[in-house]
Amino acid sequence: MNQKELGELRRRFRPDKSAISRIYGCFVNSNKEIIADLDESLGIMPQEEAEKYLSLLKKTLSGTLGKNLMDIVFSTQQVADSEECRLLAALRSSELKDGGARRALFEKVITSLDMTEGNYLILLAHDAYDVPHRGKDDELQADASDAVFSYIVCCVCPVKDGKTELGYFHGENEFHICTTGQTVSAPELGFLYPAFDDRAANLYNALFYSRSPADLHQEFIDAVFHTEAPMSAPEQKETFESVLRETLEDECRFDVIQSVHEQLQEKIEQHKESRQPEPLDISPKEISGILEDCGVSQERTALFQEKCDERFGGSAALSPENIIDSKRFEISTADVTITVPPSQSYLVETRIIDGRKYILIPADEGTTVNGFDVSIQPDRDSAHGGE
């Protein structure tokens, strides 16, 4: 799925836009017991409640592709004949009206999931989207539907206990301690099935959501999808750095790492400006080209590609936003850490002066020390010709 397809689905999560008629779910306590079932008609509940339910479900389509939103890929064998795909198909084809299938999914989630908050709410909904035709001008034509996209969306929301606070009691005209009820928080995780690829159903993919890119809840993915979780964004960054470190060795110079960071950052900025809906990726071969341009030997660049294939899988496509820190460029020594915006990383230079290594940053104007505007004067010895 790409960003444009995500946006198209996200716009449906309003009472007047979606074809969601019912909300299903269950409330689970810290002992993994279902203490309440949910089967509510969206049409008869107050609009504020309906909007809240749809807002929670909508959040499972939020975040960044490749970070919060990850593709779950099923094998051909799984789609043809597997318990997990049969269950997902039953939920979808019955429009969640199959109570046995709902219960089976709930049991898989409850048995596997370990939520730190304890109590949580599982929500399920089915939608049927009349996919409008997209014209040559890229505009949607609502009166010309190509097909119906039938899909289910699920999310798991922590339920937190209310706080004990002072509250005003009207009958007594006094303030007393009172406790607010339990409240449903934003989803911790969820999924969409099937994926909406090329604006049509892709039964070989599901879109998985995790609020934290660092925790993809492998136990949930194992239980519901029976497939290996994609590598999380922090794992991708750590693996990429490890591969670079292992392959470059003594060729891991400042200018090499600086150039890799600058060129990947430039690709990120260009992708944002182009507004391309497809996620940005780069191949290990392209990164090897950057390394070669910096003077890294062919032996090292070939080893880099080989290691990437081992760690990321063959034909890997890496996300630049996941493998570098696009928010800052940081240089650390044993005693000092310098951080500059990535767009200004070219200002940082290294020099060897009188046999000693230095990191140099221009300080022409606007220099402050502890909040004080300061000027930088020539060294006295230099100013007097070394006398």
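Predicted model, so just to flag it, every value in this text is computed and none were measured.

K.L.:
Is there a simple way to think about the overall build of the protein chain in this case?
P.N.:
Counting its secondary structure elements, the protein chain contains 12 helices and 18 strands. Taking 2.2 N^0.38 as the reference for a compact globule, 387 residues should give roughly 21 Å; the C-alpha atoms of the protein chain span a radius of gyration of 27 Å, well beyond that estimate. Across its three principal directions, the C-alpha atoms of the protein chain cover 90 × 65 × 45 Å. Sequence separation of at least 24 residues holds for 63% of the intrachain contacts in the protein chain that already meet a minimum separation of 6. Per element, the accessible surface of the protein chain, about 22000 Å² overall, is 46% carbon and sulfur. Across the protein chain, the centroid of the 40 positively charged side chains sits 3 Å from that of the 70 negatively charged ones.

K.L.:
What should I look at first to understand a nonpolar patch on the surface in this one?
P.N.:
A surface patch of nonpolar side chains, amounting to about 280 Å² of accessible area, comprises Val369, Phe372 and Val374. With respect to the helices, strands and loops of the structure, Val369 is situated in strand S17 (residues 368-369).

K.L.:
I tried to follow the nonpolar core on my own but got confused; where do I start?
P.N.:
Across soluble globular proteins, you tend to see nonpolar side chains buried next to one another. Among the nonpolar cores identified, the biggest contains 35 residues, and Ile122, Val156, Phe191, Phe208, Phe220 and Phe225 are the most heavily contacted of them. Ranked by residues supplied to this core, first place goes to helix H5 (residues 99-112) with five residues. For Ile122, the contacting residues outside a window of four places in its chain are Tyr24, Gly25, Cys26, Val28, Phe106, Val109, Ile110, Cys154, Cys155 and Val156. Judged by nonpolar contacts, the second largest core, of 34 residues, contains Phe27, Leu123, Tyr151 and Tyr209.

K.L.:
Honestly, the pattern of salt bridges in this entry has me stumped. Any pointers?
P.N.:
Side-chain pairs of opposite charge can arise where the charged atoms are in close proximity. For the structure on display, the rule yields 18 salt bridges. Here Asp250 ties to Arg300 by a salt bridge, and the two come within 3.6 Å at their closest N and O atoms. Linking Asp250 in the loop between helix H7 (233-248) and helix H8 (254-274) with Arg300 in helix H10 (residues 298-312), this pair joins segments that are 50 residues apart in sequence. On the accessibility criterion, Asp250 (67% relative accessible area) is exposed. A network of salt bridges, in which partner residues are shared, links Glu249, Asp250, Glu251 and Arg300.

K.L.:
How should the packing of helix H9 (residues 284-293) against H10 be read in this particular structure?
P.N.:
The packing of two helices is summarised by the inter-axis angle and the distance between the axes. Running from N to C, H9 and H10 cross one another at 160°; their axes reach a closest spacing of 9 Å. Overall, the two elements H9 and H10 adopt an arrangement that is roughly antiparallel. Considering how the two elements wind past one another, H9 and H10 form a crossing that is right-handed. Contacts from Pro284, Lys285, Ile287, Ser288, Leu291 and Glu292 in H9 reach Gln298, Thr301, Phe304, Gln305 and Cys308 in H10.

K.L.:
Whenever I open this one, H10 confuses me. Can you help?
P.N.:
Residues lying three or four places apart along an α-helix face the same way, a consequence of the helix completing one turn every 3.6 residues. Its 15 residues place the ends of H10 21 Å apart at the C-alpha level, agreeing with the 21 Å of an ideal helix rising 1.5 Å per residue. Taken residue by residue, H10 has Arg300, Thr301, Phe304, Cys308 and Phe312 as its buried positions. With its buried residues spanning 95° around the axis, H10 presents them on a single face. Projecting away from the buried face of H10 at angles above 90 degrees are the exposed residues Gln298, Glu299 and Glu310. Lining the buried residues of H10 we find H7 and H9. Following H10 by one or two positions, Gly313 adopts a phi angle in the positive range, close to 100°.

K.L.:
Looking at this model, I keep getting lost on a negative patch on the surface. Mind explaining?
P.N.:
On the surface, a cluster of negative charge is contributed by Glu40, Glu48, Glu49 and Glu51. Looking at the element boundaries, Glu51 is found in helix H2 (residues 47-58). For Glu51, a relative accessible area of 37% gives the class partly exposed.

K.L.:
How should H5 be read in this particular structure?
P.N.:
The end-to-end C-alpha distance of H5 is 20 Å, a good match for the 20 Å that 14 residues give at a rise of 1.5 Å each. Residues of H5 that are buried: Ala101, Arg102, Leu105, Phe106, Lys108, Val109, Ile110 and Ser112. Among the residues of H5, the N-terminal cap falls to Asp98, whose side-chain oxygen and the backbone nitrogen of Gly100 are separated by 3.0 Å.

K.L.:
Quick question: what am I supposed to make of the environment of Ala195 here?
P.N.:
Mapping Ala195 onto the fold places it in strand S10 (residues 195-197). Relative accessible area serves as the criterion here: at 0%, Ala195 is assigned to the buried category. Each residue touching Ala195, except ones within four places of it in the same chain, is listed here: Met1, Phe149, Ala200, Ala201, Asn202, Asn205 and Ala206.

K.L.:
Any chance you could explain the state of the cysteines here in plain terms?
P.N.:
In a disulfide, the sulfur atoms of two cysteines are covalently bonded to one another. In the structure shown here, the tally under the stated rule is zero disulfides. Free cysteine Cys252: the closest other cysteine sulfur is in Cys294, separated by 11 Å.

K.L.:
I would appreciate a short explanation of the pairing of strand S14 (residues 337-340) in the present structure.
P.N.:
Strand residues, when the strand is regular, have side chains that alternate between the two faces of the sheet. Two strands pair when backbone bridges link them, and strand S13 (residues 329-332) and S14 are joined in this way by four bridges, in the antiparallel orientation. In the sheet register, Ile331 faces S14, and the bridge partner there is Ile338. Counting the residues in the hairpin turn of S13 and S14 gives four residues.

K.L.:
For this particular structure, what's the right way to read the pairing of strand S4 (residues 120-134)?
P.N.:
Of all 15 residues in S4, 11 are buried, a share of seventy percent or more. In the sheet, strand S1 (residues 22-28) pairs with S4 via five bridges, with the strands oriented antiparallel. Of the residues in S4, the one forming a bridge with Phe27 is Leu121.

K.L.:
What exactly am I supposed to notice about the packing of aromatic side chains here?
P.N.:
Each pair of aromatic rings is reported with the distance of its centres and the angle of its planes. A full pass over the atoms with the stated rule returns 11 aromatic pairs. Ring plane angle 35° and centroid distance 4.7 Å describe the contact between Phe149 and Phe196, whose orientation is recorded as tilted. Highlighted residues: Phe149 in strand S5 (residues 140-160) and Phe196 in strand S10, separated in sequence by 47 residues. Taken as a pair, Phe149 and Phe196 share a single burial class, namely buried. With a centroid separation of 6.2 Å and 85° between ring planes, the pair formed by Phe240 and Phe304 is classed as edge-to-face. Note that Phe240 is positioned in helix H7 and Phe304 in helix H10, a separation of 64 residues in sequence.

How each quantity is defined
Residues numbered from 1 in each chain as written. Predicted model: local features only at pLDDT ≥ 70, side-chain atom pairs only at ≥ 80, totals over all residues. Heavy atoms only, no water. Helix = DSSP H or I, 4+ residues; strand = E, 2+ residues; numbered from the N terminus. Rg over C-alpha atoms; globule rule 2.2 N^0.38 Å. Contact = heavy atoms within 4.5 Å. Areas by Shrake-Rupley, 256 points an atom, 1.4 Å probe, with all protein chains shown as cover. Lys, Arg positive; Asp, Glu negative; His and termini not counted. Charge placed at Lys NZ, Arg CZ, Asp CG, Glu CD. Patch = residues over 30% accessible without salt bridge, like charges linked within 9 Å, V, L, I, M, F, W, Y side chains within 5 Å. Salt bridge = Lys/Arg side-chain N within 4 Å of Asp/Glu carboxyl O. Core = buried A, V, L, I, M, F, W, Y, C linked by side-chain atoms within 4.5 Å. Buried < 20%, exposed > 50% of the residue type's maximum accessible area, 1.4 Å probe, protein only. Axes fitted to C-alpha atoms, helices over the stretch in contact; angles between N-to-C directions. Parallel < 35°, antiparallel > 145°, perpendicular 65-115°, else oblique. Left-handed = near helix turned anticlockwise from the far one by under 90°. Expected span 1.5 Å × (residues − 1). Arc of directions from axis to C-beta. Polar contact = N/O pair within 3.5 Å; in protein donor to acceptor, adjacent residues only side chain to side chain. Disulfide = S-S within 2.5 Å. Pairing = 2+ DSSP bridges. Phe/Tyr/Trp six-rings, centres within 6.5 Å; stacked < 30°, edge-to-face > 60°.

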